[in-house]
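Tertiary structure, described
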Amino acid sequence: MSTAGFNSQNGTGTGQTYTNGPSQNPVALQQPSGVGYSVNHQPAYNQMQAKVLAPPGPALYPSGPYQPVPPGPQVGSYPPAPAQPLLPRPQIGILPSHTPPQSASPSPGPRPAQATPPAQATPPPPAVTSTSYYTGPPAWQYAAPRGPAPNHVNPAAAAPPLMSHSSAQPPGPGAPPTSIHGFTQPGDVAGNGPQAPNSYNHVDNRMAGAAPPGPPGRHLGHYPSLPPGYQNTSAPPPSSLHPALQAATQPYTQGPQPYQQQPGGPGPGPGAGPAQLSPSMAAMSLQSSTPEALRVVNLLQERNLLPPAPVPAPTPCLTQDLQKLNCSPEVFRCTLTSIPQTQSVLNKAKLPLGLLLHPFKDLSQLPVVTSSTIVRCRSCRTYINPFVSFLDQRRWKCNLCYRVNDVPEEFMYNPVSRSYGEPHKRPEVQNATIEFIAPSEYMLRPPQPAVYLFVLDVSHNAVETGYLSVFCQSLLDNISALPGDSRTKVGFITFDSTIHFYNLQEGLSQPQMLIVSDIEDIFLPTPDSLLVNLNECKELVQDLLKSLPNLFEKTMETQSALGSALQAAFKLLSPTGGRMSVFQTQLPNLGVGALQSREDPNQRASAKDVQHLSPATDFYKKLALDCSGQQVAVDLFLLSAQYCDLATLGCISRYSAGSVYYYPSYHHQHNPAQVERFQRDLKRYLTRKIGFEAVMRIRCTKGLSIHTFHGNFFVRSTDLLSLPNVNPDAGFAVQMSIEENLDDMQVVSFQAALLYTSSKGERRIRVHTMCLPVVSSLSDVFAGADVQAITGLLACMAVDRSVTSSLSDARDAMTNAAIDSLSSYRQSALTIQQPGLLAPACLRLFPLYILALLKQKAFRTGTSTRLDERVFAMYQLKYQPLAFAMLMIHPALYRLDDLSDEGALNIGERTIPQPRVLQLSVEKLSREGAFLLDAGLVMYLWIGRNCHQNFLSQVLGVSSYAAVPEKLYLLPELDTAESQRTRAFVSWLRDQRPFFPSLHIIRDESQLKPHFLQNMIEDRTESALSYYEFLLHLQQQISK
């Protein structure tokens, strides 16, 4: 694939653009030269504004007759139906027809002063910017600005506020008309037709304009140190906590619409219920008829909101028969388990609508069907699934487009029961997750073999880290476990200032090293003998792995020609496709793709915006797209103590559906915890299952549309994700909107189909189908909110906003996501107005999770954070499946010095203690205890200064606190009950995830203690608010 015609996201080049990552449906955009990642102002909206219809265009999502999209192995595609009205996105530089005159004023006028509670009588902090995720049909007018905010938002930036909380509210006094521009996003592409309408480009809209900074030194002073309801409170016993702590965990028992509003609608007034009662009495009077998910929680009064165990996914309000058949939330999850009937209801809720997927997850039970006929809808190409309806034995109705299809003769026979005439009992109609072995029509070429190419940095810096011997030994240990068959091929390339190839042809007595020093015009010296059959040449491969570490032991070559090595590897893999594993230890500084350091160490703790989150060059993205076109995925292992510009290098993996592994400060002697993590990760990486030349398509019921994708892939057509490799550890997310009212529907369905080649050369299709109820009332929408899925999707959107606009803009938008949703709940869903910061029980953790995101390594400010570590954290939030991303957002804290077998899990012969999850506050720590913090990629076991002697001796094997070693990263295997319990629990936590978290056992005065304390999200730091202060800020904004 030529790169000459590539038009990067940076606005350079000409010709057809490629789209990927956070991708939208293609739209014709003329991007001004030099725009880079900037995104222009998108005006606010009035949520009652009617949609303006426009003529249809190609490459959108309406239902219609199915047409295959050549070329490439397709699962199906959606061309538009004739004469379907759609809402196009405004083009860059072109004003929509319903736009008022432009104005040069960048920001709205002031809002009259609001009364504030006495506790906040001190001078206010700087004005909050009102960047938000939530937009709707544009009406081009401003609502009133939000008012003051503490210092977790950027005081130097002000953005146009997004929405008036009441549709009848006029613009704020003195608010001028906004200056209007279209905007582009990463992934918008030129030349492919109009953009799908999208009322939820929340992170992607609203870029902040400049405003004068607020007065310094007034950020935190106006908050009381301890809230009235928080003083001297101790946690109630678990039994009394339990009912109040189930966040939407109990399935509703009242049928499809669990909560009927009082006559007269939400809000006070006639029919609003017992509004004259005291708040507590009013709340009690509603308890009997309100589902647990809608129980009103005053966040300022209820301290112990965190459940004692991990938060489970909410159960959709479906009939028992449907729910029994539904897809597992570990594989397929929606931010709203009750889908709003219209886009206007969705807009009112101020909650994002999207899906989170883990499509290739390792499953203990997976039905596999071999059939010459795979039954699909003739119109939309949906695979038959448990949520279709059979009109009779011979006809079935599609649950996505409602077309009636014939049942093929072969489908009448049930291979499981060996009976005829019961198609509704076939495994395809009894399992929401199923895998088909595909017939020949799903192949464009014979299935490719498993091909693995390893590209290794052997510069002086790389040899110093000692990674090479660990890699070679790990591959030697696991070479027979590489997924594949008799056709499996392997190859090796090493590089410093030159590129080294290895001839491993059968018949040679030892591997031959071939050096190419012309890195500007790279070529393959012996193309036929560099990738060899593993079975035929295993001894030569093993000889090479044993000799490689010694081969470069004395090298003094300090330069790194990574770009040329990648070009050579691409040439080698292009004929077949396969997996390229790249190991890099420094900034590439020679030949194509050479980079210069962009990090200023003095700015790591800056409270201002973070620079250089976007790539420095598009070389790596272009190469990744070439790789994707040839079914090559690139996985990057970065092992370095120095800045490596992961923002640029990571593009090689992101756009080729690869993965990124990062080991900061890796050294074989000085950092043994990282070495152990690298070894464990490598073993998993080398031996886990893999799918080659894959594509994935997500379909949804007519009326819904998908508009933005998150993850590592390339969007080949509007809704087809190209995945040269797919692995069981990769997660994806999509944003959705409601294009047509779902008035006559009880339920809607979503289906993800992944077509791939297994390592054994079989073409397979894995299909997941999920069914959710449709609701008309706002209360039901809130009742079905999945707080973790919402947080995970907002994190993906915020990463995009950080790159396309600014970090402060993303932080403001996340804060406003919490303000908007709680404000909407208070105004539109609450039947009885009460004082306080109120949330439905299912969203009671939402402000805590938003604060956790603001303090997460990806988004935090004012705390020293290496640029590569920040970018890696962003990559993880976009790539990790939800369960693992949530641990990185809100870690889990456990007390380990008093573990018991009470309530323990019994798995096989192991007994796994289940300590309760504690709030992330120093208040929960005690010097007499030992506490484990599980932050996903890393665990800290903090030992209190007065920790009980029994724990020190029975678990750590030391006589006293002073005897705990400074750098301890392994729990000793002692033959004591306490040691076995502790090790069993830590091992069980590690086994839950596909990567290996390193463990650091730290004392009170350890160098790592600040890292441990940075995870105490509920506490105030020099640069960020405490949880209670954050709640006060939210209340202050909502009450405006």
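Residues numbered from 1 in each chain as written. Predicted model: local features only at pLDDT ≥ 70, side-chain atom pairs only at ≥ 80, totals over all residues. Heavy atoms only, no water.

Further remarks concern the sheet that holds strand β9 (residues 389-392). Note on sheets: strands pair through backbone hydrogen bonds, and any given pair is parallel or antiparallel. With respect to topology, three strands assemble into an open sheet ordered β9-β10-β11, the strand pairing being antiparallel. The open sheet is flanked by β9 and β11 (404-406), the only strands paired with a single partner. Strand-to-strand twist across the sheet, computed as the mean angle between neighbouring axes with direction ignored, equals 35°. One ladder, built from three bridges, connects β9 with strand β10 (residues 395-397); its direction is antiparallel. The residue bridging Phe 390 from the neighbouring strand is Trp 396, located in β10. (Pairing = 2+ DSSP bridges. Helix = DSSP H or I, 4+ residues; strand = E, 2+ residues; numbered from the N terminus. Axes fitted to C-alpha atoms, helices over the stretch in contact; angles between N-to-C directions.)

On to the layout of surface pockets. The volume enclosed by the second largest pocket comes to roughly 1,400 Å³. Taken together, 45 residues make up the lining of the second largest pocket; nearest its centre are Lys 857, Glu 869, Val 938, Tyr 940 and His 1011. Counting residues per element, the ones that place at least two in the lining of the second largest pocket are β22 (660-664), α12 (672-687), α17 (867-879), α18 (882-889), β35 (938-943), β36 (998-1002) and α21 (1009-1014). Of the residues belonging to the lining of the second largest pocket, the class tally is 20 nonpolar, 16 polar and nine charged. (1 Å grid on protein atoms, 1.4 Å probe; cavity = no way out; pocket = protein on both sides within 12 Å on 5 of 7 lines; lining within 4 Å. Points joined across faces, edges and corners; volume = space filled by probe spheres on them. Nonpolar A, V, L, I, M, F, W, Y, C, P; charged D, E, K, R; others polar.)

Next up on the list: the pattern of salt bridges. Here the structure, examined in full by the defined rule, presents 38 salt bridges. With its nearest N and O atoms 3.2 Å apart, the salt bridge here joins Asp 392 to Arg 395. A cluster of three or more residues bridged by salt bridges with shared partners is formed by Arg 927, Arg 945, Glu 966, Arg 1003, Asp 1004, Glu 1005 and Lys 1009. (Salt bridge = Lys/Arg side-chain N within 4 Å of Asp/Glu carboxyl O.)

Pairing is mixed across the open sheet formed by four strands, whose spatial order is β31-β34-β35-β36. Sheet topology places β31 (892-895) and β36 at the edges, where each strand pairs with a single neighbour. Adjacent strand axes in the sheet meet at a mean angle of 15° when their direction is disregarded. Here strand β34 (residues 930-934) runs beside β35; their pairing, made up of five bridges, is antiparallel. Residue Asp 934 lies in a different strand from β35, and its bridge partner there is Met 939.

This part is about the packing of aromatic side chains. Evaluated as defined, the whole model comprises 26 aromatic pairs. Where Tyr 467 meets Phe 583, the ring centres are 6.0 Å apart and the plane angle is 10°; that geometry is what we call stacked. Placement of Tyr 467 in helix α6 (residues 467-478) and of Phe 583 in strand β20 (residues 578-584) is noted, with a sequence separation of 116 residues between them. Residue classification places Tyr 467 among the buried residues on the basis of a relative accessible area of 0%. Its relative accessible area of 0% is what places Phe 583 among the buried residues. Aromatic side chains Tyr 666 and Phe 678 sit 5.4 Å apart centroid to centroid with 80° between the ring planes, which places their arrangement in the edge-to-face category. Of this pair, Tyr 666 sits in the loop between β22 and α12 while Phe 678 sits in helix α12, and the two are 12 residues apart along the sequence. An aromatic cluster of at least three residues, connected via ring pairs, comprises Phe 454, Tyr 467, Phe 471, Phe 492, Phe 583, Phe 637, Tyr 661, Tyr 663, Tyr 666, Phe 678 and Tyr 685. The ring of Tyr 383 is capped by Arg 376, whose NZ or CZ atom sits 4.2 Å from the centre of that ring. Lying across the ring of Tyr 961, Arg 1003 places its NZ or CZ 5.8 Å from the centre. (Phe/Tyr/Trp six-rings, centres within 6.5 Å; stacked < 30°, edge-to-face > 60°. Buried < 20%, exposed > 50% of the residue type's maximum accessible area, 1.4 Å probe, protein only. Lys NZ or Arg CZ within 6 Å of the ring centre and 35° of its normal.)

We now examine helix α14 (residues 787-804). An ideal rise of 1.5 Å per residue puts 26 Å on 18 residues; α14 measures up with 26 Å between its terminal C-alpha atoms. Of all 18 residues in α14, 17 are buried, a share of seventy percent or more. (Expected span 1.5 Å × (residues − 1).)

The next thing to look at is the packing of helix α16 (residues 846-854) against helix α22 (residues 1027-1038). It is the contact of α16 with α22, at a shortest axis distance of 10 Å, that shows an interaxial angle of 110°. As summarised for this structure, α16 and α22 are arranged roughly perpendicular, according to the angle between their axes. Where α16 crosses over α22, the two elements pack in a sense that is right-handed. Between α16, through Pro 847, Leu 848, Ile 850, Leu 851 and Leu 854, and α22, the contact on the second element is made entirely by Tyr 1027, Phe 1030, Leu 1031 and Leu 1034. Considered class by class, the residues forming the contact of α16 with α22 number nine nonpolar, no polar and no charged. (Parallel < 35°, antiparallel > 145°, perpendicular 65-115°, else oblique. Left-handed = near helix turned anticlockwise from the far one by under 90°. Contact = heavy atoms within 4.5 Å.)

Among the surface-exposed residues, Met 513, Ile 515 and Leu 551 lie close enough to one another that they form a single nonpolar patch of about 270 Å² accessible area. Residue position: Leu 551 is located in helix α7 (residues 538-551). (Patch = residues over 30% accessible without salt bridge, like charges linked within 9 Å, V, L, I, M, F, W, Y side chains within 5 Å. Areas by Shrake-Rupley, 256 points an atom, 1.4 Å probe, with all protein chains shown as cover.)

Glancing now at unusual backbone geometry. Note: most residues except glycine have negative phi, and most peptide bonds are trans. Phi is positive for Arg 381, close to 70°, though the residue is something other than glycine. Mapped onto the elements of the fold, Arg 381 is located in the loop between β8 (368-370) and β9. Using a relative accessible area of 21% as the deciding quantity, one classes Arg 381 as partly exposed. In this model, Asp 645 sits at a positive phi of 55°, which is unusual for a non-glycine residue. Mapped onto the elements, Asp 645 comes out in the loop between β21 (632-640) and α10 (646-649).

Attention shifts here to α12. Between the first and last C-alpha of α12 there are 23 Å, a value that for 16 residues agrees with the 22 Å anticipated at 1.5 Å per step. Among all positions in α12, only Ala 673, Gln 674, Val 675, Glu 676, Arg 677, Phe 678, Asp 681, Leu 682, Tyr 685 and Leu 686 are buried. Where the residues of α12 are buried, they touch β15 (451-457), α6, β20, β21, β22 and β36.

Time to look at the packing of α14 against α18. Following both chains from N to C, one finds α14 and α18 inclined at 80°, their axes separated by 10 Å at the closest point. As judged from the angle between their axes, α14 and α18 are roughly perpendicular. On α18, the residues that touch Gln 788, Ala 789, Thr 791, Gly 792 and Ala 795 of α14 are Leu 882, Met 886 and Ile 889. Residues of the contact of α14 with α18, tallied by class, amount to five nonpolar, three polar and no charged.

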